[in-house]
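Here is how the chains run, residue by residue.
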Amino acid sequence: MTVRTITTNTLKTLKNSVIGNPAAKLALAQDTALIQLLVNCLNHPQTSYADTQGSHNDIRIESAHVIASISYGSEVALVSLIHANALHAFLLALSNMKPHDPVQLKYALARGLRVLSTAIADVVGPSQLGLRTWSPDLRSEAKVALDYLFEFDCLDIFLPLLADSSSQTNIAIAQLISTTVRSEAHRNAVIEWLPPAERSKEIKGRRGWEKKEMVNSSSLARQGGWVVRFLVNFLQKKDIKLQEAALGAMSSLAMENTIVATTLTRAWSDAVDTPLNMVLNLTKSRSADVQLTASLCAAHILRANAIHHPESIDYSAALNVIHVVNRVLSSSSETPLNKIKTCYTLYHLVKDDKNLCREVYERGTLEKVVLLAKHITPLEKTSEWEEDEPESTLALREATLTVIAAISLFDDNIRREVTDDLHLIPTIQVSLSHKNIGIRHAACTCLRALSRAVSIIRTNIVDSKIGMELFAIFKKEDEDPRVTYAALNTICNLVIDFSPLRPKLLDQGLLPRLMQLLASDDVSMRVGALWAMRNTLRTSDPSTRQTVMTHLCWPRLVTLCNDSNPAIQEQAMSILRNLAEDEEGVDYVFESIDTEILANCITSGLESSNEDVTHHTACFLANIANGSREEQDFIFAHAHIIHAMHDCMTDAKSNTRCPLISCILTLVQSNVRRKHELTEAGIISTLRHMCDWTAGVSVSMSPRHHRIHMDEDKEAAKLARSVLDLLESNIEDLM
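If you're wondering where the values come from, they're calculated on a predicted model, not measured in any experiment.

## Here's the deal with the overall build of the protein chain
- For the protein chain, the count of helices and strands is 46 helices and zero strands.
- Here the C-alpha coordinates of the protein chain stretch approximately 110 × 70 × 50 Å along the principal axes.
- Relative to its full complement of 735 residues, the protein chain shows a buried share of 56%.
- In the protein chain, once contacts between residues fewer than 6 apart in sequence are set aside, the share between residues at least 24 apart is 71%.
- Summed over all atoms, the accessible surface of the protein chain reaches about 32,100 Å², with 50% contributed by carbon and sulfur.
- Here the protein chain carries 73 positive and 87 negative side-chain charges, and the mean point of each set is 7 Å from the other.

As structure tokens, then:
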């Protein structure tokens, strides 16, 4: 770029040259001196070329427009803007705005801040519309910049603009909230923010002994916060663009936030209806954009409001969203972008909710998504196919496969509908090898959901050879880690005991690849690798066990059993449990691990605060009890194991209590004279409590104990009675 003289005309020319021109945008981004000059002009235009205040402002406005134009679509440009401290420059310019400054300047600065902040947030993630790929260095720098944006001093600059008299400025700030709030920390920062005047009132009104959360003098804060209050007010305006922006911001703030969601479902004293009903009414707006944004907002409110009680979700309200989704997916005139947004709205509505997945299946929504995915996916590969496909088509295919995976996650009937009636496997198969990372990731995720059905693994996945194609992706060391992780989750299903693919995957290098992933710095990847080994060992033969442990190694397994991360510890204890599924397996464990080390692993597992860890440890102990007399004596030879068993019995839930009592029953059946050790540890007394069904007897004084009730512990009580009956029937032998 040769521009060095900054005037309004040169800036307009520059702006027009980069719009829709990636090459010009890249050239400008690489001119770091010019980038810095543009950023400086936001606050200090070159005076020699600006003789009047008006021309000063014109230069500032046009500089903001140019920076906004180059913020998107170029990693190089974004790096240059971050290095030039453009975010701070926008905030500084907004903080120094004077009452007499033109509205156009304020809007240009607010819009520029929104566009730049959104580009930064897209790098940090999580993405709002499909996977994106960025360099690690840029992500690191972008995270620092985004965290800075949500510091209170910065919030004090741009959030008050929601109260500005200009609706254009209101829209820009609401859009900024909508597109940049991606994390819980940033969400809470915006929700809790109050204008400085309100904060000072709150501090003055609080008595010294009261905690901050006990006093809040602001009625606005009690209704979801100052920001939420303004956003709800915007919904009642007649400005469609303002409504859309407010809905987007409310959606981002309500996402997985029970406090905001609950506030939006309640009646407000000065409003004619609840905010949620206002949102639902806007799903019927004449504007398609407002309909879609209102649907996403409603989905987030409904799901967040039912986080702790999924059964309490408002299904009648959810139907409003489903109706919009069905309309858009059925329309031949809707744009690909609107269909992409619709798919992700559906994803957020049904994700991890079995009943909602069933609802959209029964209402024909799943069929519409599957047919759309098939319609936009040619099964015959040509040399031009991947090169010529529009970006919008790629993004739509990723969106459809992602939501199909979410809907298919829980129900075998839904999975069979997808594979046998709608015949989606060929579409997934061709998508697995696509050059687009998002499509490969979505295809792997979709296959993972379908592979949860035994019948589909044994038929569709084996017959189509798609399982081995996924395995080839899984083995690629240069694959995107997100795709590898999605493939790994599917592999966990393909190596289970009922899968015909288990021996073939073992023969073709499964374990060496899992060991590579176990060495990853990514905890999720390590957990997934261990999970795959755990499933490989389930109901396995001695040869498979030895093969797995040759790669994993016993010392490493012991270390993993004592890992500080409960998710790692859970998988390690489950591996021990599966290794000891029969007497030969129990012998193998005792031959391979020193008894003192093993005893410490068991005690550590039983004393864990994580219920999954204690459950698998209890099941491992129950397996040991099925071993030899010497291996049974091992339990009693370590008093700390017996005491840990007692503590776990009184504190744990039924699914952990049952295997522990089953272990005790087996031990007593083998040697009834063990009653003394059990009595000393308090276990016999606890078993008697479990058999008392009168009113739900508490058997623990610990703060995390569970009360024992008939409905949830009937099986545990039955086992406890068996132990006591056995001991009482042999009382004469004990004397």
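After that view of the structure, there is still more to cover.
## Looking at the packing of aromatic side chains
- All told, the structure shown has six aromatic pairs when counted by the stated rule.
- Look at W554 and Y588: their rings are 5.2 Å apart centre to centre, the planes differ by 85°, and that puts the pair in the edge-to-face class. Of this pair, W554 sits in helix α35 (residues 554–561) while Y588 sits in helix α37 (residues 583–592); the two residues are 34 residues apart in sequence, bridging distant segments of the chain.
- Owing to a relative accessible area of 12%, W554 belongs among the buried residues under this scheme.
- With a centroid separation of 5.0 Å and 90° between ring planes, the pair formed by F590 and F634 is classed as edge-to-face. A residue pair is termed long-range when its members are at least 10 positions apart, and F590 in helix α37 and F634 in helix α40 (residues 629–637) qualify at 44 residues. Comparing F590 with F634 shows no difference in burial state: the two are buried.
- Linked through ring pairs, W193, W226, F230 and F234 together constitute an aromatic cluster.
- It is R513 that lies over the ring of F474; its NZ or CZ is 5.8 Å from the centre.

## Concerning unusual backbone geometry
- At the junction of G125 and P126, the peptide bond is cis and its omega measures out at -5° in the coordinates.
- The residue P126 is located in the loop between α7 (103–124) and α8 (136–149) in this model.
- Positive phi outside glycine occurs at C553, with the angle close to 75°.
- As for its position among the elements, C553 is in the loop between α34 (542–552) and α35.

## Considering the side chain of S80
- Along the chain, S80 turns up in helix α5 (residues 75–83).
- Note on S80: relative accessible area 11%, which makes it buried.
- Setting aside residues no more than four positions away along its own chain, S80 makes contact with A29, T32 and I35.

## Structural notes on helix α22 (residues 365–375)
- Residues of α22 that are buried include every one of T365, L366, V369, V370, L372 and A373, and no others. Projected onto a plane normal to the axis of α22, the buried residues spread over an arc of 160° and lie on a single side.
- Buried residues along α22 sit against α19 (315–330), α20 (336–350), α21 (354–362), α24 (391–407), α25 (412–421) and α26 (425–432).

## Describing the confidence of the model for the protein chain
- Overall, the predicted model of the protein chain reaches an average pLDDT of 88, with 91% of residues at or above 70.
- Confidence drops under pLDDT 50 across residues 209–221; counting only partners more than four residues distant or on other chains, this segment forms 20 contacts.

## Observations concerning a negative patch on the surface
- Residues E583, E584, D587 and E591 make up a contiguous surface patch of negative charge.
- By secondary structure assignment, the location of E591 is in helix α37.
- Judged by its relative accessible area of 66%, E591 is exposed.

Conventions and cut-offs
- Residues numbered from 1 in each chain as written.
- Predicted model: local features only at pLDDT ≥ 70, side-chain atom pairs only at ≥ 80, totals over all residues.
- Heavy atoms only, no water.
- Helix = DSSP H or I, 4+ residues; strand = E, 2+ residues; numbered from the N terminus.
- Buried < 20%, exposed > 50% of the residue type's maximum accessible area, 1.4 Å probe, protein only.
- Contact = heavy atoms within 4.5 Å.
- Areas by Shrake-Rupley, 256 points an atom, 1.4 Å probe, with all protein chains shown as cover.
- Lys, Arg positive; Asp, Glu negative; His and termini not counted.
- Charge placed at Lys NZ, Arg CZ, Asp CG, Glu CD.
- Phe/Tyr/Trp six-rings, centres within 6.5 Å; stacked < 30°, edge-to-face > 60°.
- Lys NZ or Arg CZ within 6 Å of the ring centre and 35° of its normal.
- Arc of directions from axis to C-beta.
- pLDDT = per-residue confidence, 0-100.
- Patch = residues over 30% accessible without salt bridge, like charges linked within 9 Å, V, L, I, M, F, W, Y side chains within 5 Å.
- Salt bridge = Lys/Arg side-chain N within 4 Å of Asp/Glu carboxyl O.

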